[in-house]
Amino acid sequence: MMDGVVLEHNRAFNRILGIDISKDMKGSKLPDFWLNPDERKVYLQELMTRGFLINFQINAKTIIGEKVVVMANSHLVKNEQGKPVRIEGTFTDFTRLKNMEEALKESEVKYRTLFENAQVGMYRSKIDGSAFLDVNVKCAEIFGFAREDAWYGRVCPKLVVRG
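As the structure is a prediction and not an experimental result, all values here were calculated from the model. (Residues numbered from 1 in each chain as written. Predicted model: local features only at pLDDT ≥ 70, side-chain atom pairs only at ≥ 80, totals over all residues. Heavy atoms only, no water.)

Trainee: Give me the lowdown on the nonpolar core, citing residues and values where you can.
Mentor: In summary, soluble globular proteins display a tendency toward joint burial of nonpolar side chains. Judged by nonpolar contacts, the single largest core of 19 residues is most densely connected at L17, Y43, F56, I58 and V70. Within the residue set of this core, elements represented by two or more residues are α1 (11–16), α2 (37–50), β1 (52–61) and β2 (67–78). Discounting residues that sit within four places of it in the chain, I58 has contacts with W34, E39, V68, V69, V70, A72 and F91. By size, the runner-up hydrophobic cluster in this structure holds 5 residues, among which are F132, V135, A140 and F145. (Core = buried A, V, L, I, M, F, W, Y, C linked by side-chain atoms within 4.5 Å. Buried < 20%, exposed > 50% of the residue type's maximum accessible area, 1.4 Å probe, protein only. Helix = DSSP H or I, 4+ residues; strand = E, 2+ residues; numbered from the N terminus. Contact = heavy atoms within 4.5 Å.)

Trainee: I'd like to hear about the environment of K23, residue by residue, with values.
Mentor: Mapped onto the elements of the fold, K23 is located in the loop between α1 and α2. A relative accessible area of 47% places K23 in the partly exposed class. Separated by 13 residues in the primary sequence, K23 and N10 have C-alpha atoms spaced 9.9 Å apart. Not counting the four nearest positions on each side in its chain, K23 is found in contact with H9 and N14.

Trainee: I'd like a rundown of the pairing of strand β5 (residues 132–135), residues and numbers included.
Mentor: Pairing of strand β4 (residues 123–125) with β5, which is carried by 3 bridges, proceeds in the antiparallel orientation. Residue pairing for β5: Y123 is matched across the bridge by V135. (Pairing = 2+ DSSP bridges.)

Trainee: Give a detailed account of α2, specifying residues and quantitative values.
Mentor: Between the first and last C-alpha of α2 there are 20 Å, a value that for 14 residues agrees with the 20 Å anticipated at 1.5 Å per step. The complete set of buried residues in α2 reads R40, Y43, L44 and L47. Around the axis of α2, the buried residues are gathered within 95 degrees of arc, so they sit on the same side. When the buried face of α2 is taken as reference, the exposed residues oriented beyond 90 degrees from it are K41, Q45 and T49. Here the buried face of α2 lies against β1, β2 and β3 (84–93). (Expected span 1.5 Å × (residues − 1). Arc of directions from axis to C-beta.)

Trainee: Mind laying out the pattern of salt bridges, listing which residues take part and the relevant values?
Mentor: A side chain with one charge can pair with a side chain of the opposite charge if their charged atoms come near. With the rule as written, the count across this model stands at 9 salt bridges. A single network of salt bridges, built from pairs that share partners, joins E108, R112, E116 and D134. (Salt bridge = Lys/Arg side-chain N within 4 Å of Asp/Glu carboxyl O.)

Trainee: An account of the side chain of R40 is requested, with residue identities and associated values reported.
Mentor: For R40, the location among the structural elements is in helix α2. Among buried charged residues, R40 stands out as having no salt bridge; its nearest opposite-charge side chain is D3, 6.2 Å away. Other than its neighbours up to four places away in sequence, R40 contacts M2, D3, G4, P31 and W34. (Lys, Arg positive; Asp, Glu negative; His and termini not counted.)

Trainee: Tell me what's going on with the sheet that holds β2, and back it up with residues and numbers.
Mentor: With respect to topology, 3 strands assemble into an open sheet ordered β1-β2-β3, the strand pairing being antiparallel. Lying at the two open borders of the sheet, with one neighbouring strand each, are β1 and β3. Neighbour-to-neighbour, the strand axes of this sheet turn through a mean angle of 35 degrees, independent of strand direction. By the bridge criterion, 9 bridges tie β2 to β3 in an arrangement that is antiparallel. Looking at β3, one finds that L76 is bridged to I87. In this fold α2 packs onto β1, β2 and β3, with an angle of close to 170 degrees to the strand it touches most, β1. Each of β1, β2 and β3 is contacted by helix α3 (residues 95–117), which is oriented at about 130 degrees to β2, the strand it contacts most. (Axes fitted to C-alpha atoms, helices over the stretch in contact; angles between N-to-C directions.)

Here you go:
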């Protein structure tokens, strides 16, 4: 039961793991698809403790070794004596979402680096120009205040916004 042998599966299971959807994977071992065996230990420990898991992130690999991120929703099925006999659950492929999340983080780091290190004054303000939302060091210097000095919400001096 805890050895991870596949008893039943559907086409989506195969698709997520990069396997021909017509191939019967019964008898294959799920642990072979985990990137990190220690993550599987945590998965099993939490599942045994709680009896179920919701949105448990699994870093897995396809049949050809490509990384996929899967969210698992699992629960223990127990016999009449209360002993676990199998695990049932679903996998949802979150790889694309995780890749987009990482790309967004990288983009934010690039933006923040450019913003902070620009040798020209840069700012973001409320649409009506009434207050700063963010300023870089050069902008604060131009307007005559230290960036650390509560710039958020500070009135924009001499800022004219024309519609």
